[in-house]
Amino acid sequence: MKVTDIRIRRVNREGKMKAIVSVTFDDQFVVHDIRVIEGTNGFFVAMPSRKGNDGEHRDIAHPIRTETRSMIQEAVLEAYNNYKEEETES
């Protein structure tokens, strides 16, 4: 499985949630509402989630393997950093 497209749909300058992206896999499957979060140890990617009746947030789509999560996170953060660089050059 390969990431074939990343679309940055919204960017926030304020707050910890910095961007919302959509990721396409193998030009066949897309996952929307993946968030780029600025944490205390740097940026990370949060999978789309929904708040349950008990108030807990649960991922509605997520990678099962650590390697897959790393691959997605690296691709998303690279796209986000490229977007930020292009924005500052404009």
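Cut-off values and rules
- Counting starts from 1 at the beginning of each chain's written sequence and moves along it residue by residue.
- Per-residue local features are limited, in this predicted model, to residues with pLDDT of at least 70; the limit for side-chain atom pairs, both in listing and counting, is 80 or more; totals at the level of whole chains, interfaces and linings are taken over all residues.
- Side-chain calculation: all heavy atoms of the structure are included, whereas hydrogens and water are not.
- Only DSSP runs of H or I reaching four residues or more are called helices, and only runs of E reaching two or more are called strands; each is numbered from the N terminus.
- Radius of gyration: over C-alpha atoms. The globule rule applied is 2.2 Å multiplied by the number of residues raised to the 0.38 power.
- Only four residue types enter the tally: Lys and Arg on the positive side, Asp and Glu on the negative side, with His and both chain ends excluded.
- Positions of charges follow a simple convention, taking NZ of Lys, CZ of Arg, CG of Asp or CD of Glu.
- By nonpolar core we mean a set of buried residues, namely Ala, Val, Leu, Ile, Met, Phe, Trp, Tyr and Cys, connected to one another through side-chain atoms within 4.5 Å.
- Categorising residues by exposure relies on relative accessible area from a 1.4 Å probe, with only protein chains included: less than 20% of the type maximum marks a residue as buried, more than 50% marks it as exposed, and the intermediate range marks it as partly exposed.
- Contacts are assigned to residue pairs with any non-hydrogen atoms lying within 4.5 Å of each other.
- Ring pairs are drawn from Phe, Tyr and Trp, using the six-membered ring of Trp, whenever the two centres fall within 6.5 Å, and their geometry is named by plane angle: stacked under 30 degrees, edge-to-face over 60, tilted for the rest.
- Pairing between strands is defined by DSSP: at least two bridges between them are needed.
- Between N-to-C directions, angles cover 0 to 180 degrees, with each direction set by a line fitted to C-alpha atoms, over the stretch in contact for helices.

## Observations concerning the overall build of the protein chain
Thought 1: Scanning the protein chain for helices and strands turns up one helix and six strands.
Thought 2: The secondary structure elements of the protein chain, listed N-terminal to C-terminal, are β-β-β-β-β-β-α.
Thought 3: Here the protein chain has a C-alpha radius of gyration of 13 Å; the compact-globule value for 90 residues is 12 Å, and the two agree.
Thought 4: If one aligns the C-alpha atoms of the protein chain with their principal axes, the spans along those axes are about 45 × 30 × 25 Å.
Thought 5: Charge-centre separation for the protein chain: the mean point of 14 positive side chains lies 6 Å from the mean point of 16 negative side chains.

## Let's talk about the nonpolar core
Thought 1: Counting residues in each nonpolar core, the largest one holds 13 residues, and the members touching the most others are Val21, Val23, Ile34, Val36, Val45 and Val76.
Thought 2: Secondary-structure elements contributing two or more residues to this core are strand 2 (17-25), strand 3 (29-39) and helix 1 (66-89).
Thought 3: Residues within four places of Val21 in sequence aside, it is in contact with Ile6, Arg7, Ile8, Arg9, Val31, His32, Asp33, Ile34, Val36 and Val76.

## Describing the side chain of Lys18
Thought 1: Take Lys18: it is sitting in strand 2.
Thought 2: For Lys18, a relative accessible area of 10% translates into the label buried.
Thought 3: Beyond its immediate sequence surroundings of up to four residues, Lys18 is in contact with Arg10, Val11, Asn12, Arg13, Val36, Glu38, Phe43 and Tyr80.

## Thoughts on the packing of aromatic side chains
Thought 1: A complete count under the given rule lists one aromatic pair for this structure.
Thought 2: Aromatic pair Phe43 and Tyr80: ring centres 5.7 Å apart, planes at 50 degrees, arrangement tilted. Placement of Phe43 in strand 4 (residues 42-46) and of Tyr80 in helix 1 is noted, with a sequence separation of 37 residues between them.

## Some thoughts on the environment of Ile8
Thought 1: Mapped onto the elements of the fold, Ile8 is located in strand 1 (residues 3-11).
Thought 2: For the pair Ile8 and Leu77, spaced 69 residues apart in the sequence, the C-alpha separation amounts to 11 Å.

## What about the sheet that holds strand 3?
Thought 1: Ordered by their spatial adjacency, four strands build an open sheet running 1-2-3-4, and the pairing between neighbours is antiparallel. The two strands at the open ends of the sheet, each matched to only one other strand, are strand 1 and strand 4. Across the sheet, the mean angle from the axis of one strand to that of its neighbour is 30 degrees, orientation sign disregarded.
Thought 2: Two elements, strand 3 and strand 4, share five bridges in a ladder whose sense is antiparallel. Paired with Ile37 across the strands is Phe44, a residue of strand 4.

## Notes on the pairing of strand 2
Within a regular strand, side chains alternate between the sheet's two faces.
Thought 1: Of all nine residues in strand 2, nine are buried; the element is thus mostly enclosed.
Thought 2: Pairing geometry for strand 1 and strand 2, over seven bridges, is antiparallel. Bridge assignment links Arg7 to a residue of strand 2, and that residue is Ser22.
Thought 3: In this structure, the hairpin formed by strand 1 and strand 2 is closed by a connection of five residues, where Gly15 is found at a positive phi of approximately 80 degrees.
Thought 4: The pairing of strand 2 with strand 3 spans seven bridges and is classified as antiparallel. Bridge pairing links Val21 to Ile34 in strand 3.
Thought 5: Taken together, strand 2 and the strand that follows it, strand 3, pair antiparallel across an intervening segment of three residues, in which Asp26 is found at a positive phi of about 50 degrees.

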